[in-house]
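So the chains spell out like this:
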Amino acid sequence: MKWTLFKEITQMAFDSIKTHKLRSFLTLLGILIGVMTVIGMVSIIQGLNRSFMAELESVGSDVIIVSKQEPGVQIGGESEEIRQRKDLTLDDATAIEEECPLVKAVAVDLVANVFENIPVKYQDKKSQNSVIIGLNEKFPQVLSVYLPREGRFITSVDVLHRTKVCVLGAELKEILFPHTSALGKEIRIGAEKFRVIGVLEKRGEMFGQSRDNIVGIPITTLMKYFPYDLSGLEIIITPHKHGYIPETMDQIITVLRKRRKVAFDKPNDFSIYTQDTLLDLYNQLTGAAYLVMIAISSIGLLVGGIGVMNIMLVAVKERTREIGIRKAIGARAGDILRQFLIEAVFLTGTGGTIGVILGFLIAFLVRAATPLPASVTAWSVALGLGVSISVGLFFGIFPAQKAARTDPIVSLRYE
């Protein structure tokens, strides 16, 4: 009996929507926009989260990074204190490796000045956007993502003698050598000739930027032939034993403070951090994006909820006589309350369902048309539908109570 009543009430709600198509659509619009925003933005953020986590996992968890600058974007630019810091040097990296017993290997990297736009060429093929990175021989040992797919990596002899050899990222190799091996070939980086000794494993894109359009050369060679800013030098360290990150960091800090003559009562004049720090910074950025998403969707849901309340109050007014007849033939106040609540939930649930479908479509279009790895999750769909139904219950309760409390005698006399 209850199921039959529920089906009847649901059918009445559906008929009400069909009768007033435009009014119902305008009512649903706020809910639709709010849920669509939630699904679309969550899908993009979740896709980025997965991509970022995959990158951290591929690099490895036991990595310590030392740099002049603090990690993350500095609001308003670097502080005066950071600008006044001394640059890190190759000698600092050597001292860390020699004087810190817990350190297993130390990698150093330095990027050539990107504003110079140095072309990389082979015969008639050229890349204008390749990143030129100076590396030492320890990179594959510290970061496994720099393992060569073909040939070999830079050696300590290359670094010591500033040899003009290079390793190519997978994308740059395809640009310069699409149908042939790159090993042993001579390319030009700016005005200088370099011999290709290896091709790196493919890493793919991150945040829309290719990590394979790079050319790695010995860091000492970069410092001899190309413009650079030593403030961008990074020292990347891996410890001997897993789980000894804090102790290893203490040893590194001790060595660098001594070398840089930092007084005991002064803070470090360098930055030292782990991937957990980068993850925290990333979570802060995505957390801000979530707040924006919540604000935008809340406005849409609030507008939609007010619209639902408005249309339900109009419906109660229009159907006053119908309510009186139903009460006269035995309908209880609870039956009337449930009828109008179901209608309100049906309205918002319909808007939520359409919003979920459009959110799926947005995620698909973003993934297909942009480098962003949008990914729809089950919890975001459940959240969107749950919120839309909750809006229907919250904003439908007042009109439903008003209908349930209507005096049947007054209702029957209503024209």
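Heads up: the structure comes first, above all this text.
Just so you know, these numbers come straight off a predicted model, no measurement behind them.

Chemist: Could you clarify how one ought to interpret unusual backbone geometry in this entry?
Modeler: A negative phi holds for most residues other than glycine; trans holds for most peptide bonds. For Gln123, which is not glycine, the phi dihedral falls at a positive 55 degrees. Considering the arrangement of structural elements, one finds Gln123 in the loop between β3 (120–122) and β4 (125–127). With relative accessibility at 66%, the residue Gln123 sits in the exposed group.

Chemist: How should empty space enclosed by the protein be read in this particular structure?
Modeler: Here the idea is plain: a probe the size of a water molecule rolls over the atoms and shows the empty space left. One pass over the structure, following the stated rule, counts two cavities of 30 Å³ or more. Looking at the second largest cavity, its volume works out to about 40 Å³. Residue classes in the lining of the second largest cavity are distributed as five nonpolar, one polar and four charged.

Chemist: Help me understand the pairing of strand β2 (residues 103–111) in this model?
Modeler: Sheet faces and side chains relate simply in a regular strand, where the side chains alternate between the two faces. In terms of burial, β2 is a largely internal element, seven of the nine residues being buried. When β2 meets strand β13 (residues 234–239), the two strands line up antiparallel, connected through six bridges. Paired with Ala107 across the strands is Ile236, a residue of β13. Sheet topology note: the β2/strand β5 (residues 131–135) ladder contains three bridges and is antiparallel. Of the residues in β5, the one forming a bridge with Leu110 is Gly134.

Chemist: When you look at the side chain of Ser130 in this model, what are you seeing that I'm missing?
Modeler: Mapped onto the elements of the fold, Ser130 is located in the loop between β4 and β5. Residue Ser130 is classed as buried on the basis of its relative accessible area of 10%. Within the structure, the side chain of Ser130 is placed 2.7 Å from the side chain of Ser127, a separation counted as a polar contact. A distance of 2.6 Å separates a polar atom in the side chain of Ser130 from a polar atom in the side chain of Asn213.

Chemist: Mind showing me how you'd approach the pattern of salt bridges here?
Modeler: When their charged atoms lie close together, side chains carrying opposite charge are able to pair. Evaluated as defined, the whole model comprises 11 salt bridges. The closest approach of N and O atoms between Asp158 and Arg152, which form a salt bridge, is 3.0 Å. The partner of Lys173 in a salt bridge is Glu174, and the shortest N-O contact between them spans 3.6 Å. Overall, Lys173 belongs to the buried group, its relative accessible area being 8%. Salt bridges linked by common partners bring Asp92, Arg259, Arg260 and Asp269 together as one network.

What counts as what
- Within every chain, residues take consecutive numbers counted from 1 along the sequence as written.
- With pLDDT at 70 or above as the cut-off, local features in this predicted model cover only qualifying residues; side-chain atom pairs require 80 or more to be listed or tallied, and sums for whole chains, interfaces and linings still use all residues.
- The side-chain numbers reported here are obtained from all heavy atoms of the structure, hydrogens and water having been left aside.
- Helix and strand definitions here come from DSSP, where helices need a minimum of 4 consecutive H or I residues and strands a minimum of 2 consecutive E residues; each element is numbered from the N-terminal end.
- Three labels apply to residues, based on accessible area from a 1.4 Å probe with only protein chains included: buried if under 20% of the type maximum, exposed if over 50%, partly exposed otherwise in between.
- The pocket and cavity definitions rest on a 1 Å grid over protein atoms only: a 1.4 Å probe that fits but cannot leave marks a cavity, an open set with protein on both sides within 12 Å along at least five of seven lines marks a pocket, and residues lining either have an atom within 4 Å of a point.
- Grid points are joined across faces, edges and corners, and a volume is the space filled by probe spheres set on the points.
- When residues are grouped by polarity, Ala, Val, Leu, Ile, Met, Phe, Trp, Tyr, Cys and Pro land in nonpolar, Asp, Glu, Lys and Arg in charged, and all others, Gly among them, in polar.
- Only strands that DSSP links by at least two bridges are regarded as paired with each other.
- Definition of a polar contact: a pair of N or O atoms within 3.5 Å, with one able to donate and the other able to accept a hydrogen when the atoms are protein atoms, and with sequence-neighbouring residues admitted only if both atoms are side-chain atoms.
- By definition, a salt bridge exists where a carboxyl oxygen of Asp or Glu is found within 4 Å of a side-chain nitrogen of Lys or Arg.

Spatial relationships are all this shows, so hold off on functional conclusions.
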